[in-house]
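# Remarks on the overall topology
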Amino acid sequence: MAKRDFYEILGVAKNASEDDIKKAYRKLAMKYHPDRNPDNKEAEEKFKEVKEAYEMLTNPEKREAYDRYGHAGVDPNMGGGGGFGAGGFGDAFGDIFGDIFGGGRGRGGGGPQVYRGADLRYNLEITLEQAAHGYETTIRVPSWDKCDTCHGSGAKPGTQPVTCTTCSGHGQVRMQQGFFSIQQTCPKCHGSGKIIPEPCAACGGAGRIKRNKTLEVKIPAGIDNGMRIRSTGNGEPGTNGGPSGDLYVEIHIKPHPVFQREGDDLHCEMPISFAKAALGGEIEVPTLTGKVSFTVPEGTQTGKTFRLKGKGVKGVRSGYTGDLFCHVVVETPVKLTDKQKDLLREFERSTSEGGAKHSPQSKGWMDKVKDFFE
Ligand SMILES: [Zn+2]
Ligand SMILES: [Zn+2]
């Protein structure tokens, strides 16, 4: 199945601001949230799609890559749950950068090519609470040890690597192209200057063996979706003695059943009974640090937003604590008994006698309808 356009999924224009994207996301995330659509596969798929589009388009690097290369620019195989993806676009340019910057060789100098190891990415899923309060965990990441069998040479025990005849051990060859003399990585030995006639069986000639190691990760309080923590030197090892790459732990925050996060602010829906909305009164509101009491004023309408200052998330970069926005949803009572229905009919008669003053929104709406037909 063809992947849909991220902008189309969120229903925003190509030049939409980050704010517009966030707004569109929040609306759709609320609509398709799995908690609000239990056992609805279609809603679940939609929710995933919306989340992916949001994550891509709010990450400036990914958005740029997507705008330039489409879905291919933001390889979906690298996203999702746990797991690794090495490199990304940089890999394709490894040779070019290697030839220009590699190894710090002088002009016309010899010696094998030195490459820095690839960076690795680890996708770590955490909860909103863990992100807000900070979290320590351990992750299993690949590591490379020197091969015991060949002691790192890559050659079968009893044999030796031999000097590459194509480049005479320089790791690079010169090619004449018009006026220019171009130095290139030797195609035969790939820059190492050596050829292994009989590779070590244990490591396949690589000289090292992949294992796993456990790393401790400290996630600072306030971290947000898509942020990355760098662990220097824990990526893939370099080639020919080059430095290791880095490991990036990328944070993915799981959808929360109650809160949607937007920067350092939190949003939640707050259903209240229509009697409470009409009469006003105290309600309990959940926050990340427990429930708080809150007084709803008389005549509260659905859609009204209350802002609880300082009840959001303390941002890891901003150091500022966001607010909690509670969006009121007035609930229509269901499964009424005959008696309750009678009471409501009586109530309805009594408010009709009072006229439009009891229904400010209907009054405004009726006026608009009248203007429309005139
Ligand atoms: Zn070996
Ligand atoms: Zn060579």
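Residues numbered from 1 in each chain as written. Chains lettered and ligands numbered in written order. Predicted model: local features only at pLDDT ≥ 70, side-chain atom pairs only at ≥ 80, totals over all residues. Heavy atoms only, no water.

## Observations regarding the coordination of the zinc ion (ligand 1)
In the first shell of the zinc ion (ligand 1), the protein supplies Cys147 (SG), Cys150 (SG), Cys200 (SG) and Cys203 (SG), at 2.3 Å from the metal. Geometry at the zinc ion (ligand 1) is tetrahedral, judged from the four donor atoms that bind it and their angles of 103 to 116 degrees at the metal. Counting gaps between the donor residues of the zinc ion (ligand 1) yields the pattern C-x2-C-x49-C-x2-C. Taken together, the positions of Cys147 in the loop between strand E3 (135-146) and strand E4 (162-163) and Cys200 in the loop between strand E7 (194-195) and strand E8 (208-219) put the pair 53 residues apart, joining distant regions of the chain. Each member of the pair, Cys147 as well as Cys200, carries the same accessibility label: buried. (Donors = N, O, S within 2.8 Å, 3.2 Å for Na, K, Ca; no water. Tetrahedral: all angles 85-135°; square planar, octahedral: opposite > 155°, others 65-115°. Helix = DSSP H or I, 4+ residues; strand = E, 2+ residues; numbered from the N terminus. Buried < 20%, exposed > 50% of the residue type's maximum accessible area, 1.4 Å probe, protein only.)

## Some words on the side chain of Thr287
Inspection of the secondary structure puts Thr287 in strand E13 (residues 281-287). A distance of 2.5 Å separates the side chain of Thr287 from the backbone oxygen of Gly290, its partner in a polar contact. Those residues in contact with Thr287 that lie beyond four places of it in its chain are Phe259, Val292, Lys311 and Leu324. (Polar contact = N/O pair within 3.5 Å; in protein donor to acceptor, adjacent residues only side chain to side chain. Contact = heavy atoms within 4.5 Å.)

## Things to note about the packing of aromatic side chains
What the rule picks out here adds up to five aromatic pairs. Measuring from centroid to centroid gives 4.5 Å for Phe6 and Tyr66, while their planes differ by 40 degrees, and the two rings are tilted. Placement of the pair is Phe6 in helix H1 (residues 6-10) and Tyr66 in helix H4 (residues 60-69), with a sequence separation of 60 residues. Accessibility classification places Phe6 together with Tyr66 in one group, the buried group. Between Phe294 and Phe306, the ring centres sit 4.9 Å apart and the planes meet at 65 degrees, which makes this aromatic pair edge-to-face. Here Phe306 lies in strand E15 (residues 305-308) and Phe294 lies in strand E14 (residues 290-296), a separation of 12 residues in the sequence. Each member of the pair, Phe294 together with Phe306, is buried. Within the aromatic cluster, the residues linked to one another by ring pairs are Phe6, Tyr7 and Tyr66. (Phe/Tyr/Trp six-rings, centres within 6.5 Å; stacked < 30°, edge-to-face > 60°.)

## Focus on the sheet that holds strand E12 (residues 265-273)
Remark on secondary structure: sheet strands pair via backbone hydrogen bonds, oriented parallel or antiparallel. The four strands are arranged E11-E12-E16-E15 in an open sheet whose pairing can be described as mixed. Because the sheet does not close on itself, it has two edges, and the strands there are strand E11 (259-262) and E15. Strand after strand, the sheet turns through a mean of 30 degrees between neighbouring axes, direction not considered. Relative to strand E16 (residues 324-331), E15 is paired through four bridges, and the arrangement is antiparallel. When the sheet's bridge partners are listed, Thr305 is paired in E16 with His327. (Pairing = 2+ DSSP bridges. Axes fitted to C-alpha atoms, helices over the stretch in contact; angles between N-to-C directions.)

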